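# Structure assessment
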Amino acid sequence: MKTNELIKDLSLIKQTGTLPEDITALEIDSRAVTDGTAFVCQKGYTVDGHDFAGQAVKNGAKLIITEKELELEACQIIVKDSARALAFLADRFYGSPSEKMNVFGVTGTNGKTSVSNLIHELIRKLGGRSALSGTIGFDLDGDLRQSANTTSDLLTTQKMIHTAKEQGISNMIFEVSSHGLVEGRLWGVDFDVAVFTNLSHDHLDYHHTMEHYGYAKGLLFSQLGQDLTKQKAAVLNLDDEWFERYAQMTPHEVISYSMEKPADFYAEDIQYMADRTYYKLMSPEGAFDLETQLLGTFNVSNTLAAIAALYAKGYRVSDLVEALKEVAPVSGRMQLVPTSAPLSIYIDYAHTPDAIEKAIKSVMPFKKNRILFLIGTGGNRDKSKRPAMAKMASLADYVVLTTDDPRYESYESITSDLEKGMEHKGYACIGDRGEAVRHLMQQAEPDDIIIFAGKGHEDYQIIENTKYPHSDSNIALEVIAERF
Ligand SMILES: CC(=O)N[C@H]1[C@@H](OP(=O)(O)OP(=O)(O)OC[C@H]2O[C@@H](n3ccc(=O)[nH]c3=O)[C@H](O)[C@@H]2O)O[C@H](CO)[C@@H](O)[C@@H]1O[C@H](C)C(=O)N[C@@H](C)C(=O)N[C@H](CCC(=O)O)C(=O)O
Ligand SMILES: Nc1ncnc2c1ncn2[C@@H]1O[C@H](COP(=O)(O)OP(=O)(O)OP(=O)(O)O)[C@@H](O)[C@H]1O
């Protein structure tokens, strides 16, 4: 791209050296720089990209965008704020791709992956093409690639939208974390529909207060912007106390959904089965009998959110209801493990108090014997939620308290924090997750319902800084083979 074109209108303090005529790429990581790249220095919390500008030049960078003048051979553009400069440059370099696509953002404490995946799969079942970025990776219309974060850094985000657009995909779904919003990783993304699932205790090691956490999530709704000529909408959960505040953050249409009261989309006569859920969907286009393979109360809410989001972009409710029957559960979210043993095993990703409560309550309607529940928490992360998680786990008849990526924290430190919240004596503390799963399966009796929570789709345990292979379901099936 012509460098003059790239930096035209960029707010800059000064330029040193001669501007290269063209640049071949835009990067923020010196390790990715190749000949002819423009390198934008970004400050992290632990390291500062300005310290890698020299490395970037060695690797071929011809232009450095920096907040301070550096002792370097390459041309430098000095800006006041390099994060804002990056938002401008990435949007310009990739030709504002989000403006030419239908972009959906899904935020909330729980349900982001589930709702994003539902929107993505519904579009595809109805003949459209869609890309999805989130915890599970970057899914380019069925081609899954790895990504490091739920919400990727700003440059990766723009690259993903550009890649999807280049491949003729016209829909892009983002799972949006509060970290990503606060750090401006989505600056420049022109969202069409912003969806809110719910807000409850999580990530207080990062946000410190629920007020700040709630504010952070709200940034997505203000990011719908003020251009009322575009068909945009906020899809908000009427059952959550943040509904009103988020509605106030946007002048665009608000579409409500609820499991508890009349809303634009709401559920009546819900029936929970071990492998299906049925309800009557009340919608602006009338009432529909809805059937889904997704399980649990929270998935009723998630399906309502996804249907409302697509309705906002003109999809017919009847088509969505029909397509939903075929959509499979997201990997590791109340996923039934096939077994011939006379009991039910679910793998779930619940790792907040609210999600744990909902996971256990969702199997209660078809409980015949006991509910056995295994939960761990990560080491060196939000410790304040641990007792609250165990308090909710106490809803189960028998609980195993363990770890979920202990990192550098001792097993004992994690399980003793959890133990503080237990409300009955039917539990065991076993730090090693593999042993914990084994122990729980040794207790299992016919007709029990077993839930392994916290790991979901993940197939590893992080101990210190190493990932070890781990699968709750494989261990459970091994014990079943020995015992049943
Ligand atoms: C370990 C850690 O705390 N990392 C945070 C920290 O990064 P950092 O200090 O290591 O700096 P960096 O951003 O890696 O590096 C700064 C710059 O130097 C550059 N660099 C670095 C090294 C090098 O050799 N060359 C080089 O050019 C980097 O490319 C970057 O441009 O500061 C950055 C802010 O500028 C954060 O974005 C980053 O969060 C990382 C990405 C992270 O994983 N954060 C987690 C908490 C997170 O965001 N999680 C949410 C999930 C939430 C949920 O579960 O719902 C998510 O969205 O994934
Ligand atoms: N709408 C919901 N309300 C409460 N709990 C939910 C909801 N949807 C899912 N859950 C629970 O939260 C767990 C994680 O679901 P999901 O991955 O969809 O959420 P998430 O917001 O993407 O979480 P993360 O960002 O940690 O991946 C599920 O396994 C389930 O236990």
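The written sequence of each chain sets the order in which its residues are numbered from 1. Written order determines the labels here, with chains lettered from A and ligands numbered from 1. Given that this is a predicted model, residues contribute local features only at a pLDDT of at least 70 and side-chain atom pairs are listed and counted only at 80 or more, while totals for whole chains, interfaces and linings are drawn from all residues.

## Some remarks on the overall build of the protein
Quick note on the threshold: Helix and strand assignments follow DSSP, with helices taken as H or I runs no shorter than four residues and strands as E runs no shorter than two, numbered in order from the N terminus. Here the globule rule is a power law, 2.2 Å times the number of residues to the power 0.38, and the radius of gyration is based on C-alpha atoms. What counts as a contact here is a pair of residues whose C-beta atoms, placed from the backbone, lie within 7 Å.
Helix and strand content of the protein: 16 helices and 24 strands. Here the C-alpha radius of gyration of the protein, 24 Å, is about what a compact globule of 484 residues would show, namely 23 Å. The dimensions of the protein, computed from C-alpha atoms along their principal axes, are 75 × 55 × 40 Å. Contacts in the protein between residues at least 24 apart in sequence constitute 66% of all its contacts with a sequence separation of at least 6.

## Side note on the sheet that holds strand β5 (residues 75-78)
As a reminder, the rule being used: Between any two strands, pairing holds if DSSP finds at least two bridges. Convention adopted: a line fitted to C-alpha atoms gives each axis, helices being fitted over their contacting stretch, and angles between N-to-C directions are expressed from 0 to 180 degrees.
The strand order β1-β5-β4-β3-β2 describes an open sheet built from 5 strands, whose pairing is mixed. Each of the sheet's edge strands pairs with one partner strand only, and the pair in question is β1 (14-16) and β2 (25-27). The sheet shows a mean angle of 15° between the axes of neighbouring strands, direction not considered. Sheet topology places strand β3 (residues 37-40) next to strand β4 (residues 63-66); 3 bridges connect them, and they run parallel. Bridge pairing in β4 places F39 opposite I64.

## Topic: the site of ligand 1
Just so we agree on the cut-off: Put plainly, near means the residue's C-beta atom, positioned from the backbone, lies within 6 Å of the molecule or strand in question. Under the grouping applied here, Gly and all other residues not named as nonpolar or charged are polar, the nonpolar ones being Ala, Val, Leu, Ile, Met, Phe, Trp, Tyr, Cys and Pro and the charged ones Asp, Glu, Lys and Arg. Domain boundaries shown here were taken from an automatic or database domain assignment.
D29, G44, G49, N149 and S177 are the nearest of the 18 residues found near ligand 1. For the shell around ligand 1, the per-class residue count stands at 4 nonpolar, 11 polar and 3 charged. When we break the shell around ligand 1 down by domain, the ones giving at least three residues each are domain 1 (3-93) and domain 2 (97-324).

## As for the site of ligand 2
By nearness alone, 23 residues border ligand 2, and N110, G111, T113, Y349 and A350 come closest of all. Elements with a minimum of two residues in the shell around ligand 2: α4 (112-125), α10 (297-312) and α12 (353-363). The dominant element in the shell around ligand 2, judged by the number of residues it contributes, is α12, at 4 residues. Here the shell around ligand 2 spans two domains, since at least three of its residues come from each of domain 2 (97-324) and domain 3 (335-483).

## Concerning the pairing of β4
Stated formally: Exposed residues have 12 or fewer other C-beta atoms within 10 Å of their own C-beta, buried residues have 20 or more, and residues in between are partly exposed; the C-beta atoms are placed from the backbone.
Because side chains alternate across β4, one face comprises the buried residues L63 and I65, and the other comprises I64 and T66, equally buried. Where β4 meets β5, 4 bridges bridge the pair, whose relative direction is parallel. The residue of β5 that forms the bridge with I64 is Q76.

## Some words on the UniProt feature "domain: Mur ligase C-terminal" (unreviewed entry) in the protein
Rules: UniProt positions are given in the numbering used here, feature names are shortened, and annotations may be inferred rather than shown by experiment.
When the UniProt feature table is mapped onto this chain numbering, "domain: Mur ligase C-terminal" (unreviewed entry) sits at residues 332-456. Taken end to end, residues 332-456 is 31% helix and 21% strand, and its first and last C-alpha atoms sit 4 Å apart.

## So, the packing of α12 against helix α13 (residues 386-393)
Applied cut-off: Orientation categories follow fixed angle ranges, with anything under 35 degrees roughly parallel, anything over 145 roughly antiparallel, 65 to 115 roughly perpendicular, and all other angles oblique.
Packing of α12 against α13 brings their axes to within 8 Å, and their N-to-C directions diverge by 10°. With respect to their mutual orientation, α12 and α13 come out roughly parallel. Contacts from P353, I356 and E357 in α12 reach A388, M389, K391, M392 and A393 in α13. Split into classes, the residues belonging to the contact of α12 with α13 amount to 6 nonpolar, no polar and 2 charged.

## Thoughts on the environment of S222
Mapped onto the elements, S222 comes out in helix α8 (residues 210-222). When the C-alpha atoms of S222 and A56 are compared, they prove to be 35 Å apart, with 166 residues separating the residues in sequence. The contact partners of S222, leaving out residues within four places of it in the chain, are M249 and T250.

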